[in-house]
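Residue strings, one per chain:
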Amino acid sequence: QVQLVESGGGLVQAGGSLRLSCAASGRTFSTYAMGWFRQAPGKEREFVAYIRWNTGNTDYTDSVKGRFTISRDNAKNTLYLQMNSLKPEDTAVYVCAAAAGPPTARISTPSYYNYWGQGTRVTVSS
């Protein structure tokens, strides 16, 4: 089992920045990749970013490219999401997820991931 705990959410004005963290514990050596998803009120969970744990290869949804950066600290078993130039449409609960093996589905698909955190709320005011 892998436990994930997010932090760093909050209220920020449009154009501002936040950095989210996701601390992993448990069987972290089995982590193949991690991702960030978000869910706005009344909407489905949406893929935001992906990182392959060993190589650092990343991928992003188009709406955040150039504004968000996913990274990880292997020694601290922590995942990050640096969010710059935030927009009101970025308002959502952000959730991190971990996958235990190579993709068996598209990396943007929630079903690929085995473990999920509880989420941290991000509110961007206009």
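Details of the structure are given in the entry above.
The notes below deal with the structure included here. (Residues numbered from 1 in each chain as written. Predicted model: local features only at pLDDT ≥ 70, side-chain atom pairs only at ≥ 80, totals over all residues. Heavy atoms only, no water.)

## Brief notes about the environment of Gly15
Tracing the backbone shows Gly15 in the loop between β2 (10-13) and β3 (18-26). The exposure class assigned to Gly15 is exposed, which follows from its relative accessible area of 53%. Taking the C-alpha atoms as reference, Gly15 lies 21 Å from Pro41; in sequence the two are 26 residues apart. Discounting residues that sit within four places of it in the chain, Gly15 has contacts with Ser85 and Leu86. (Helix = DSSP H or I, 4+ residues; strand = E, 2+ residues; numbered from the N terminus. Buried < 20%, exposed > 50% of the residue type's maximum accessible area, 1.4 Å probe, protein only. Contact = heavy atoms within 4.5 Å.)

## Focus on the state of the cysteines
Inspection of the entire model under this criterion finds 1 disulfide. Shown here is the disulfide that connects Cys22 with Cys96, its sulfur atoms set 2.0 Å apart. The S-S bond linking Cys22 to Cys96 shows a torsion near 55 degrees; that makes this disulfide right-handed. Of this pair, Cys22 sits in strand β3 while Cys96 sits in strand β9 (residues 92-99), and the two are 74 residues apart along the sequence. Across the pair, Cys96 and Cys22 agree in class, each one buried. (Disulfide = S-S within 2.5 Å.)

## Some words on the packing of aromatic side chains
Aromatic ring pairs are described here by two measures, namely the spacing of the ring centres and the angle between the planes. For the coordinates displayed, the defined rule picks out 5 aromatic pairs. Aromatic pair Phe37 and Phe47: ring centres 5.7 Å apart, planes at 75 degrees, arrangement edge-to-face. With Phe37 in strand β4 (residues 33-39) and Phe47 in strand β5 (residues 46-52), the pair connects residues that are 10 residues apart, well separated along the chain. This pair shows no difference in class: Phe37 is buried, exactly as Phe47 is. Put simply, the rings of Phe37, Phe47, Tyr112, Tyr113 and Trp116 touch in pairs and so form one group of aromatic residues. Positioned above the aromatic ring of Trp116, the side-chain terminus of Arg45 is 4.6 Å from the ring centre. (Phe/Tyr/Trp six-rings, centres within 6.5 Å; stacked < 30°, edge-to-face > 60°. Lys NZ or Arg CZ within 6 Å of the ring centre and 35° of its normal.)

## Examining the side chain of Thr78
Mapped onto the fold, Thr78 is located in strand β8 (residues 78-83). At 2.9 Å, the side chain of Thr78 forms a polar contact with the backbone oxygen of Lys76. Among all residues touching Thr78, those that are not within four sequence positions of it are Ser21, Cys22, Ala23, Trp53, Ser71, Arg72 and Asp73. (Polar contact = N/O pair within 3.5 Å; in protein donor to acceptor, adjacent residues only side chain to side chain.)

## Quick notes on the nonpolar core
Core analysis: the largest hydrophobic core is formed by 29 residues, its most contacted members being Leu4, Trp36, Leu79, Leu81, Met83 and Tyr94. For this core, the secondary structure elements donating two or more residues are β1 (2-7), β3, β4, β5, β7 (68-73), β8, β9 and β11 (120-125). Those residues in contact with Tyr94 that sit more than four places away from it in its chain are Glu6, Leu20, Trp36, Phe37, Arg38, Val48, Phe68, Leu81, Met83, Gly119, Thr120 and Val122. Phe47, Ile107, Tyr112 and Tyr113 belong to the second-largest nonpolar core, a separate cluster that totals 9 residues. (Core = buried A, V, L, I, M, F, W, Y, C linked by side-chain atoms within 4.5 Å.)

## A short note on the sheet that holds β3
Spatial strand order, β1-β3-β8-β7: 4 strands in an open sheet with antiparallel pairing. Of all strands in the sheet, those with a lone pairing partner are β1 and β7, marking the two edges. Here the strands of the sheet are splayed against their neighbours by 15 degrees on average, with no regard to which way each runs. Where β3 meets β8, 6 bridges bridge the pair, whose relative direction is antiparallel. When the sheet's bridge partners are listed, Leu18 is paired in β8 with Met83. (Pairing = 2+ DSSP bridges. Axes fitted to C-alpha atoms, helices over the stretch in contact; angles between N-to-C directions.)

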